Amino acid sequence: MASAKVLVTHIKESDADEAITKVKKLNGKSGPFDLIIIFSKSYSELIKLNTTGLPQLLLISSDDNDNDSKSKKMSEDVTLLHNFGTYKLANNITISYLTYSSDVLQEQKKTILDKFSKLDNQVDILITEEWGLPISERSGKLSGNEVIDELANKLQARYHFAFSDEKNFFELEPFSWEGGRLSRFLNVPKYGSGKRWAYAFNISVGDNEDEEETEPPNLITNPYESVNSDRKKRPLEIETGDMVDQDRKISATGEKSEIKKMRTILPTNCHFCFSNPNLEDHMIISIGKLVYLTTAKGPLSVPKGDMDMSGHCLIIPIEHIPKLNPGGKTELAQSLLAYESSLMKMNYVKFDMCTAVFEIQSERSVHFHKQVVPIPKYLILKFRAALDRQVHFNNEKFTRNAKLEFRCYDSLSSKEYLNVVNDQANNYLQFTVYETPESNPKIFLASFNASETIDLQFGRRVLAFLLNLPRRVKWNSPTCLQTKQQESTEAEKFQKAYKDYDISLTES
Ligand SMILES: [Zn+2]
């Protein structure tokens, strides 16, 4: 995989010449760099810099007094960026920048967010003068700006550099977004602060960088998605075990006290709980006594044949439980199955589709749920092949993940199957594949230890491969995400189609 070597520095006007000499030395000693990004308050000093002998340079000025200055290419290798925007390099690295200080950010908030809202993709590097609020709070500062939060959320840059603290170097541990993309945040102080004023790193260049990057051992909870944050609605589709995954990584560093803190997600913050004020209720299809049904955020499947909606939905217990009680005979388990069965019937009778259901039973999950995806008839027989292929990837390529070995069972009442699921100590991934409403479903089940890391997107990965929708693996990709209006329309269509099958209407 190709990668680029990048240096990020912060230069103040009075020491500009001295600093650029040091940058040249660094380039000789630790480089050569493919790209050097220089941040400075002073536009007039930046354009005077003698940059001969340096590789491609991006000069970023945050001089609020120079609002008229336009970003421009000053020579083949030197580009000056100003105010805000997004810049794409020849090697496809994308850089968004927003150089305003907090006051101007507030004034220009709408213009800024409007402009960035038009961006379709995530970016590689984000350069801002200011910090985001949650990271600022976390490090005990009183600064930070919500516009930066919005941008951080939207762009999910792999590296975010800020410069407002001119005296201290700061590096936050890496964190990940729902969907698995990793981000790092740093503040680079100015040259002459006596602290680390230049930061060098390698960044991969290419399409599949997210998939390739192995997760660092010091991964922390995403500060922008912290439980205290009511700024962002948590979507319904993500697999809730993500907190769990992070536990494990923290525990590897021995910080045991952190574990407990992170594992407690209160129902008011759980994105599947009715008591969460941010519950996305415009996506709800049906509410039963113990269980409810919603459409999926960033659905995997797409309208096909007679089906004019994605058809991807979630069956969720109303109670906040990580895992079902064993036995499969509890009222809740029966109710979940009744929903599953009604959806499978609708898919088959109304839309001529088969159905695949995916679930994770783990004591380390947050709020149990089942994902239900319609599968065209001509593809359903390829399920086993799709599963085997993803198992191969999981076991051979993503070596940090628990090794998965799926066993196939012929029915939900198979004795061997019940032996596994009736044991409360077992944690497992399960697919239930329905070809027709008359035949028994095939069950594919793989056990794992609670202490192992599992790929929470595994189910989606298998089904995306089966459906030949490789670009839809991640629910939060621009390809999958829908506007609120589209989500409401999906839910309405689903509700209309499901009306004749809805078991909440007949439940006693
Ligand atoms: Zn919950």
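Residues numbered from 1 in each chain as written. Predicted model: local features only at pLDDT ≥ 70, side-chain atom pairs only at ≥ 80, totals over all residues. Heavy atoms only, no water.

To continue, consider the pairing of strand E5 (residues 78-82). Along E5, 5 of the 5 residues are buried, which leaves the element largely enclosed by surrounding structure. Side-chain alternation along E5 places Val78, Leu80 and His82 on one buried face and Thr79 and Leu81 on a second face that is also buried. Where strand E4 (residues 72-73) and E5 come together, 2 bridges link them in antiparallel fashion. Counterpart to lysine 73 in the pairing with E5 is threonine 79. Connecting the antiparallel pair E4 and E5 is a turn made up of 4 residues. (Buried < 20%, exposed > 50% of the residue type's maximum accessible area, 1.4 Å probe, protein only. Helix = DSSP H or I, 4+ residues; strand = E, 2+ residues; numbered from the N terminus. Pairing = 2+ DSSP bridges.)

Moving on, we come to the packing of aromatic side chains. Between two aromatic rings, the relevant description is the distance of the centres plus the angle of the planes. Enumeration according to the criterion identifies 25 aromatic pairs in this entry. One aromatic cluster in this structure is built from Phe358, Phe383, Phe406, Phe431, Phe444 and Phe458. (Phe/Tyr/Trp six-rings, centres within 6.5 Å; stacked < 30°, edge-to-face > 60°.)

As a further point, take the nonpolar core. Phe406 and Phe431 are the most contacted members of the largest nonpolar core, which has 32 residues in total. Those elements that place two or more of their residues in this core are strand E17 (353-361), strand E18 (370-376), helix H11 (377-380), helix H12 (383-396), strand E20 (427-434), strand E21 (442-448) and helix H14 (458-466). If near-sequence neighbours (up to four positions away) are discounted, phenylalanine 406 is found in contact with Arg384, Leu387, Val391, Leu429, Phe431, Phe444, Leu445, Ala446 and Phe458. (Core = buried A, V, L, I, M, F, W, Y, C linked by side-chain atoms within 4.5 Å. Contact = heavy atoms within 4.5 Å.)

A word on the side chain of arginine 181. Tracing the backbone shows arginine 181 in the loop between strand E11 (175-176) and strand E12 (182-187). Among the polar contacts made by the side chain of arginine 181, one reaches the side chain of glutamine 122 at a distance of 3.3 Å. A polar atom in the side chain of arginine 181 sits 2.6 Å from the backbone oxygen of valine 123. (Polar contact = N/O pair within 3.5 Å; in protein donor to acceptor, adjacent residues only side chain to side chain.)

Right, let's get into the sheet that holds strand E13 (residues 198-204). Spatial strand order, E4-E5-E3-E2-E1-E13: 6 strands in an open sheet with mixed pairing. Strand pairing shows two members of the sheet lacking a second neighbour, E4 and E13, which therefore form its edges. Relative to E5, strand E3 (residues 56-61) is paired through 5 bridges, and the arrangement is parallel. In the strand pairing of E5, isoleucine 60 is matched with leucine 81. Contacts from helix H1 (residues 16-29) reach strand E1 (3-11), strand E2 (35-40) and E13 within the one sheet, and its direction differs from that of E1 by about 160°. (Axes fitted to C-alpha atoms, helices over the stretch in contact; angles between N-to-C directions.)

None of this, on its own, says anything about what the molecule does.
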